[in-house]
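# Overview (structure and organization)
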Amino acid sequence: MKERIWQHGAALLLAALLLAGCGRGGNEPTPTPTKTPDSAQTGSSQEPQVAGATTPAPATAAQATPTPPAATPTPSEKTVAVIDTDVLNVRRTPSPDGELVQTVDSGQQFDVIGRSQDGGWIQIGQGGRELGWVSAEFVTLQTVAIGAGDVAEAPAGDGVEAGGAAAQPTAQPPAAGGGNYLPAAMRSPDFGAQAFLWWRPEIADRDLTLMKEANFDWVKQAFAWETIEGSGKGQFDWSISDRVVTHVNGAGLKLLARLSSDPELTNFWAGHPPANADNFADFAFAVASRYNCTPQAVGCIQAYQIWNEPNLAREWGNNRPNPAQYAEFLGKAYAAIKRGNPNAIVISAGMAPTGDNNDVAMPDDIFYDGMYQAMGGSSDGYFDMLGVHGAGFAAPPELDPAEAASNQAYGGYRFFAFRHVEDIRAIMERYGDTGKKIVLLEFGWTYDPINAAYKWHGADAGITDMVQADYLRRAYEYAAANWQPWIGLMSLLTMPNLDWVEDGNPQDEEQYWWAILEPSQIDELKLRPAYVVLCIYFNTVKGEKCKYDPNG
């Protein structure tokens, strides 16, 4: 079993939350804390298909308010928009700079919800659900009779309330298969968590239901290369991945797939990075093609994380971390995924928090800067959003990184503060990459009272289960107040893994103390304060109520 290593002391520190859950004939990698990314691109007014997600441009009040279609149908009729170009972008706001939420194809028909005041954009919907805005130039409006199963649709806004987190209308979860998938788009901030869905379908079903009830939007799941293409080049076993993808789709959640392999494997045919870059790109293409969110697809993966913590030698074939090599590796995977699904969000790997700069590790800020140098200062063609890890260690989420660096009680380095994410954002800004988001791939707080490498910033620092819950909520609140619009998904550590209890003593497993739920059998439900507090917060943000709120 892999272990996260937090070496705390006067010397330089290597902090790597690199874990693997062992279970049932294969390894399911577990998360690691570091920082966050963003993605934005613009399209022409005619809105042909583009790659990647985009960041919404501020819409004027006139733009964002739908007006009724020009031709008002009778009560027994409705206005539909028929797409008359090969591929048309659907955007969150009526602007060519609006966030891309999906694409639609020639001949598809959608209900018309409204029209921008200048007449240049049509707001479309389907099955009672608002989809977004399309350029009026590339649709034909028709009046058709309302069938017995049709439902009249009310105009909807862009889902973002003034001054804070986005609000979303309640929608029915899409059915697995058939192409009715949630769009590859992120709110700022968006809510997600790492989960363990690979080996136990009944536990996966229970945990996905809990995530949906708490109003999470995203689930992050490791797709270990060796569990899908382990027998040899092109020899795929999709049996488990098909179930996981369709399970998440059916639960009404978006899926972020971490594509990587177990660094401790010694007999994997593809080997280790950087030498396996071409084979990895082929694997990424196969996954993205199979789960490309089209009506013909097996299922839908909305976003991909490319590898994990390449700033550690153990994750990079035991070679010295090399930002230029990773940038090349990332670029190949990016191109492959976009061939398989042009609308998927591609996210770079998050980095391990470390103060070491040697053959074993490289500080995340130095590594990110080296990536930008290798990319020629432009991330286009490499990632849509920048992945970051952001563990809070002993510090509250609002703590200035300068305080963490000057106060040994917090660890003595800037990366011991949750807000170290802002240091990475500053690198993006320095290279002019302000249009892309940061995705916080891992973050959280542990209240570990047992494991020596963790308890200094857990129980010994006064972190309890109640403090953990409070800090997680405050982290989302801080991001909503200070990091919009450049913060995207914030995927926390972690939903539980039942493997932790197999030896009868889950408390010696350090991951146990990061989790927001107690690992429990299918006939048990053991909530922790973090789950309840976040359930209340997420539901409140969206104008709903948490069913587990003890105050009703």
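So, how was this worked out
- Residues numbered from 1 in each chain as written.
- Predicted model: local features only at pLDDT ≥ 70, side-chain atom pairs only at ≥ 80, totals over all residues.
- Heavy atoms only, no water.
- Buried < 20%, exposed > 50% of the residue type's maximum accessible area, 1.4 Å probe, protein only.
- Helix = DSSP H or I, 4+ residues; strand = E, 2+ residues; numbered from the N terminus.
- Pairing = 2+ DSSP bridges.
- Disulfide = S-S within 2.5 Å.
- Polar contact = N/O pair within 3.5 Å; in protein donor to acceptor, adjacent residues only side chain to side chain.
- Contact = heavy atoms within 4.5 Å.
- Salt bridge = Lys/Arg side-chain N within 4 Å of Asp/Glu carboxyl O.

Here we take up the pairing of strand β13 (residues 218-224). Counted residue by residue, β13 has seven buried out of seven residues, so it is predominantly covered. Residues of β13 alternate between two faces, with Trp218, Lys220, Ala222 and Ala224 on one and Val219, Gln221 and Phe223 on the opposite face, all of them buried. By the bridge criterion, three bridges tie strand β12 (residues 190-194) to β13 in an arrangement that is parallel. Bridge pairing in β13 links alanine 193 to valine 219.

Counted under the stated rule, the structure contains two disulfides. With its sulfur 2.1 Å from that of its partner, cysteine 293 forms a disulfide with cysteine 300. On the S-S bond that ties cysteine 293 to cysteine 300, the torsion sits near 80°, and the link is right-handed. Disulfide pairing places cysteine 535 opposite cysteine 546 at an S-S distance of 2.1 Å. Judged by the torsion about the S-S bond (110°), the cysteine 535/cysteine 546 disulfide is right-handed. A residue pair is termed long-range when its members are at least 10 positions apart, and cysteine 535 in helix α12 (residues 529-541) and cysteine 546 in the segment after α12 qualify at 11 residues. Residues cysteine 535 and cysteine 546 agree in their burial class; the two are buried. In the chain, numbering the disulfide-bonded cysteines from first to last in sequence yields the connectivity 1-2, 3-4.

What follows covers unusual backbone geometry. Cis rather than trans, the peptide bond between proline 273 and proline 274 has omega equal to 5°. Cis peptide bonds are those with omega within 30 degrees of zero, and the linkage from glutamine 484 to proline 485 qualifies with 5°. In this fold, proline 485 is placed in the loop between α11 (465-482) and β19 (487-492). In this model, cysteine 293 sits at a positive phi of 70°, which is unusual for a non-glycine residue. Along the chain, the position of cysteine 293 falls in the loop between α5 (277-290) and β15 (303-306). Of note in the backbone geometry, tryptophan 307 takes a positive phi value of approximately 70° without being a glycine. On the secondary structure map, tryptophan 307 appears in the loop between β15 and α6 (323-340).

Another point: the side chain of threonine 446. Tracing the backbone through its elements, the reader meets threonine 446 in the loop between β18 (438-442) and α10 (452-455). Of the polar contacts made by the side chain of threonine 446, one reaches the backbone nitrogen of aspartate 448; its length is 3.1 Å. The residues contacting threonine 446, other than those within four sequence positions of it, are Tyr454, His457, Gly458, Ile463, Trp513 and Trp514.

Quick look at the pattern of salt bridges now. Two side chains that carry opposite charge are able to pair once their charged atoms sit near each other. Tallied over the entire structure, the rule returns 27 salt bridges. For aspartate 207, the salt bridge is made with arginine 206, and the minimal N-O distance between the two is 2.8 Å. Assigned by exposure class, aspartate 207 and arginine 206 land together as buried. Salt-bridge contacts for arginine 290 lead to aspartate 242; the nearest nitrogen and oxygen are separated by 2.8 Å. In this pair, arginine 290 is assigned in helix α5 and aspartate 242 in helix α4 (residues 239-250), connecting sequence segments 48 residues apart. Assessed through its relative accessible area of 26%, arginine 290 is described here as partly exposed. With a relative accessible area of 17%, aspartate 242 lands in the buried category. Salt bridges sharing partners connect three or more residues here, namely Glu398, Asp470, Arg473, Arg474 and Glu477.

Everything listed is a geometric property; what it means functionally is a separate question.
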